[in-house]
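So the chains spell out like this:
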Amino acid sequence: TFFAGDMSEETQEKYANMQCQSNQIFYAFFQLVSLLLNLCLCVDLIFTIYDPFSPAARRTKFYYAISGVGAFILVNVIVGMDSAENAGTPTPYDCISNTSPTQFATIQDSANLVLAMTLSLYIVVAIYSTVYSYRRLHRPGVSAPVRNLFVKKHFLYVVVFIVIWMIQQSNNYYYLFNPQQE
């Protein structure tokens, strides 16, 4: 059997730091999947209003694939940027305090940058989908109560989602443009 007590202190720190980094990678991945799925929801609204008789089930499988693959690619970009930027030197965001210079740093800076860019893209697409739906649905042909309900629900969804994610966006920009003093 393999017990943590059988390992040296340096090996224990290395495994703890690796576990912390893997948690950060999963956290970034699922944040990006959530954000990309909501981005696809806004794009789907545009497609649905443009062609209301096209079945949404055909597009949905592509949205899942785009979100999963897109998040995977972006996480690889995050890890790649971090590897190139830090090259094994500790940062203020290290998982383990008192780490040696040979251990890996966290992915916090790279994740903040990629997430900030993705959030910015989502905000642009969400606002465009709201304006597009408002303009297309306020033409003759759709009953007033239905279109008002539809536009109101989408508008509130987008506003709530943007407000919630703006907290994260503000945090990302704060850490990107106000680095910690060492």
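Since the structure is predicted, the reported quantities are computational estimates derived from the model, not experimental observations.

(A) Quick peek at the environment of Val158. Tracing the backbone shows Val158 in helix α4 (residues 144–177). The residues touching Val158, leaving out its near neighbours within four places in the chain, are Cys42, Tyr122, Ala126 and Thr130.

(B) Up close: the packing of aromatic side chains. Going through the model one piece at a time under the given rule, you end up with five aromatic pairs. Where Phe29 meets Phe30, the ring centres are 5.1 Å apart and the plane angle is 80°; that geometry is what we call edge-to-face. Measuring from centroid to centroid gives 5.0 Å for Tyr122 and Phe161, while their planes differ by 65°, and the two rings are edge-to-face. Residue Tyr122 is located in helix α3 (residues 108–137), and its partner Phe161 is located in helix α4; the two are separated by 39 residues in the primary sequence. For the pair Tyr122 and Phe161, one class covers both residues: buried. Aromatic rings pair up to connect Tyr122, Tyr157, Phe161 and Trp165 into one cluster.

(C) Representation of the pattern of salt bridges. Per the counting criterion, the structure on display carries one salt bridge. Across the salt bridge formed by Arg59 and Asp44, the nearest N and O atoms sit 2.7 Å from each other. With Arg59 in helix α2 (residues 56–86) and Asp44 in helix α1 (residues 9–50), this pair connects stretches of sequence that are 15 residues apart. Assigned by exposure class, Arg59 and Asp44 land together as buried.

(D) Just the confidence of the model for the protein, in detail. Per-residue confidence for the protein gives a mean pLDDT of 78; residues scoring 70 or more make up 75%. Mean pLDDT values for the elements of the protein range from 83 in α1 up to 87 in α3. The low-confidence segment residues 99–105 (pLDDT under 50) makes 25 contacts with residues lying over four places distant or belonging to another chain.

(E) Molecular detail of the environment of Leu74. Along the polypeptide, Leu74 turns up in helix α2. Counting along the chain gives 46 residues from Leu74 to Ala28, while the straight-line C-alpha distance between them is 9.0 Å. With sequence-adjacent residues up to four places away left out, Leu74 is seen in contact with Leu32, Leu36, Val114 and Thr118.

(F) Looking closely at the side chain of Ser129. Its place among the elements puts Ser129 in helix α3. The class for Ser129 is buried, based on a relative accessible area of 0%. A polar contact is formed between the side chain of Ser129 and the backbone oxygen of Ala126, at a distance of 2.9 Å. Polar contacts involving the side chain of Ser129 include one to the side chain of His154, which spans 3.0 Å. Contacts of Ser129, omitting those with residues within four sequence positions, involve Cys42, Leu45, Ile46 and His154.

(G) Up close: the side chain of Ser67. Mapped onto the fold, Ser67 is located in helix α2. Using a relative accessible area of 1% as the deciding quantity, one classes Ser67 as buried. For Ser67, the residues in contact, after removing those within four places along its chain, are Val33, Leu36, Leu37 and Cys40.

(H) View of the nonpolar core. Leu32, Leu35 and Tyr122 are the most contacted members of the largest nonpolar core, which totals 22 residues. Tallying contributions element by element places α3 first for this core, with eight residues. With six residues, the next largest nonpolar core counts Ile46, Ile49, Tyr132 and Val151 among its residues.

Calculation notes
- Residues numbered from 1 in each chain as written.
- Predicted model: local features only at pLDDT ≥ 70, side-chain atom pairs only at ≥ 80, totals over all residues.
- Heavy atoms only, no water.
- Helix = DSSP H or I, 4+ residues; strand = E, 2+ residues; numbered from the N terminus.
- Contact = heavy atoms within 4.5 Å.
- Phe/Tyr/Trp six-rings, centres within 6.5 Å; stacked < 30°, edge-to-face > 60°.
- Buried < 20%, exposed > 50% of the residue type's maximum accessible area, 1.4 Å probe, protein only.
- Salt bridge = Lys/Arg side-chain N within 4 Å of Asp/Glu carboxyl O.
- pLDDT = per-residue confidence, 0-100.
- Polar contact = N/O pair within 3.5 Å; in protein donor to acceptor, adjacent residues only side chain to side chain.
- Core = buried A, V, L, I, M, F, W, Y, C linked by side-chain atoms within 4.5 Å.

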